[in-house]
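# Working through the structure, step by step
Below are the chains, spelled out letter by letter.
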Amino acid sequence: MRIRATVAAVTGALALSALAVPAAQADVHASGGDSNYRATVAKILGTGGKTAFITSPVAAAKPYPLNVTFSNFKVAKSINVGASGHVAIPVTYTLTHGIEVDIKASDFDSGPYLYRGDFAKPENVIFGEKPGTCTATSTTTANCKANLDIYPGEGDLTTTDAGTRWTAGGMAIAFNGQDPEGDTIDPSKIGIAQQGDLGTTTVRRLAKLTLNATPEPVKKGKTITVTGKLTRANWDGANYTGYGNQAVKLQFRKNGTNTYTTVKTIRTAANGDLKTTVKATVDGFFRYVSSTTVTTSDAYAAPDFIDVK
């Protein structure tokens, strides 16, 4: 299970300590990163309160506030996620830091995240599997880029996450020689910066549409039956399920032209099925089109050619 599955509030900051991935279970994914990075971030961000992942020789030790802020955060306004695979969301941001902060240090990390709900006690969090890469633009500023990585088939999202407001945040950690996997880590020597309310986005369930027009070929004036199905990603089951009672447009494009026109609008059955009939007139392509809803992306069926004799 990934670290963003459960989060907890610790000293007013985002603490991702509850379900950190143990090193033995860390795996390399399509991003090229691995879950060790996110587990380490979870571990460190949880040091301000009760956590089973930090054993410190310093009683009640807490990380110190790192002199880092974030601005110019840019992420897609809408993110469509299927039922499986890997979705990488590019993010850019500006990092501003004190002269005493060495962002080029090998053990300095920064990166973006998205959280749903309150900053101090979010309901879910999306991280990347690699820290951001930054290019200094002055002695105290840098332009940075990173990815947010989503694996819906591994429990990163649930259907309750769809269509809700996700808020952007940024975090930076200066380890200063401390080994987060070590037995003698001193949290008081680690610097942490976190900042929320850097922007917003929406995460939607990816929709799919199919279409089949029959018979093929067909005589002019005869009836064409057009069937299909509208489905959408089910993040709770890592599959696609029917999307019922949705308006879907049947469109037609005459062979040799580039423009589709809407023939009629019908609604899906409870299981997402579609079925309607039209008269054959000329050669061309049929497709179904559904619109974006609060929770679900739009979808376009692959065109199906009808040869009219």
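Residues numbered from 1 in each chain as written. Predicted model: local features only at pLDDT ≥ 70, side-chain atom pairs only at ≥ 80, totals over all residues. Heavy atoms only, no water.

## What to know about the side chain of Asp 304
- Structurally, the position occupied by Asp 304 is in strand 22 (residues 304-306).
- Buried and without a salt bridge, Asp 304 has Arg 253 as its closest oppositely charged side chain, separated by 11 Å.
- Here the side chain of Asp 304 touches Ala 213 through a polar contact of 2.7 Å, landing on its backbone nitrogen.
- Excluding residues that lie within four positions of it along the chain, Asp 304 makes contacts with Leu 211, Asn 212, Ala 213, Glu 216, Gly 284, Phe 285 and Phe 286. (Helix = DSSP H or I, 4+ residues; strand = E, 2+ residues; numbered from the N terminus. Buried < 20%, exposed > 50% of the residue type's maximum accessible area, 1.4 Å probe, protein only. Lys, Arg positive; Asp, Glu negative; His and termini not counted. Salt bridge = Lys/Arg side-chain N within 4 Å of Asp/Glu carboxyl O. Polar contact = N/O pair within 3.5 Å; in protein donor to acceptor, adjacent residues only side chain to side chain. Contact = heavy atoms within 4.5 Å.)

## What about the packing of aromatic side chains?
- Taken as a whole and judged by the stated rule, the model has six aromatic pairs.
- Between Tyr 113 and Tyr 115 the ring centres are 6.1 Å apart and the planes differ by 50°, which places this aromatic pair in the tilted class.
- Every member of this aromatic cluster is reached through a ring pair, and the members are Tyr 113, Tyr 115, Phe 119 and Phe 127.
- In this arrangement the basic side chain of Arg 232 is found over the ring face of Tyr 243, its NZ or CZ atom lying 3.8 Å from the centre.
- Sitting above the plane of the Tyr 260 ring, Arg 287 keeps its charged end 3.8 Å from the centroid. (Phe/Tyr/Trp six-rings, centres within 6.5 Å; stacked < 30°, edge-to-face > 60°. Lys NZ or Arg CZ within 6 Å of the ring centre and 35° of its normal.)

## Examining the side chain of Thr 276
- Looking at the element boundaries, Thr 276 is found in strand 19 (residues 273-279).
- Side-chain polar atoms of Thr 276 contact the side chain of Lys 264, separated by 2.9 Å.
- Contacts of Thr 276, omitting those with residues within four sequence positions, involve Ile 224, Thr 225, Val 226, Leu 250, Lys 264, Ile 266 and Tyr 288.

## Describing the state of the cysteines
- Applying the stated criterion across every chain, the model contains one disulfide.
- The disulfide partner of Cys 134 is Cys 144, and the gap between their sulfur atoms is 2.1 Å. On the sign convention where negative means left-handed, the S-S torsion of about 110° between Cys 134 and Cys 144 marks this disulfide as right-handed. One end of the pair, Cys 134, is in strand 9 (residues 133-136); the other, Cys 144, is in strand 10 (residues 141-150), and 10 residues separate them in sequence. (Disulfide = S-S within 2.5 Å.)

## As for the environment of Thr 141
- By the secondary structure assignment, Thr 141 is in strand 10.
- For Thr 141 and Val 68, which are 73 residues apart along the polypeptide, the C-alpha to C-alpha distance reads 9.5 Å.
- Setting aside residues up to four positions removed in sequence, Thr 141 forms contacts with Leu 95, Thr 96, His 97 and Ala 136.
- Reaching out from Thr 141, the side chain makes a polar contact with the side chain of Thr 137 at a distance of 2.7 Å.
- Here Ser 138 takes part through its side chain, which lies 2.7 Å from a polar atom of the side chain of Thr 141.

## Digging into the pattern of salt bridges
- Inspection of the entire model under this criterion finds four salt bridges.
- Residue Asp 273 pairs with Lys 229 through a salt bridge whose shortest N-O separation is 2.9 Å. With a gap of 44 residues between them, Asp 273 in strand 19 and Lys 229 in strand 15 (residues 223-234) connect regions that are remote in the sequence.
- Asp 273 sits in the partly exposed class, given a relative accessible area of 34%.
- Given the relative accessible area of 27%, Lys 229 is considered partly exposed.
- For Asp 307, the salt bridge identified is with Lys 309, shortest N-O distance 3.0 Å.

## Some words on the confidence of the model for the chain
- Counting all residues, the mean pLDDT for the chain is 86, and 81% of those residues have values of 70 or more.
- Overall, residues 1-28 carries pLDDT values under 50, and its contacts beyond four positions in sequence, including any with other chains, amount to 87 contacts.
- Counting contacts from residues 47-59, a segment whose pLDDT is below 50, to residues more than four positions away or on other chains yields 26 contacts. (pLDDT = per-residue confidence, 0-100.)

## Here we look at the sheet that holds strand 6 (residues 87-97)
- The strand order 4-6-10-9 describes an open sheet built from four strands, whose pairing is antiparallel. Each edge of the open sheet carries a strand with a single partner, namely strand 4 (68-74) and strand 9. Each neighbouring strand pair of the sheet contributes to a mean axis angle of 25°, computed without reference to strand direction.
- Pairing of strand 9 with strand 10, which is carried by four bridges, proceeds in the antiparallel orientation. The residue bridging Thr 135 from the neighbouring strand is Asn 143, located in strand 10. (Pairing = 2+ DSSP bridges. Axes fitted to C-alpha atoms, helices over the stretch in contact; angles between N-to-C directions.)

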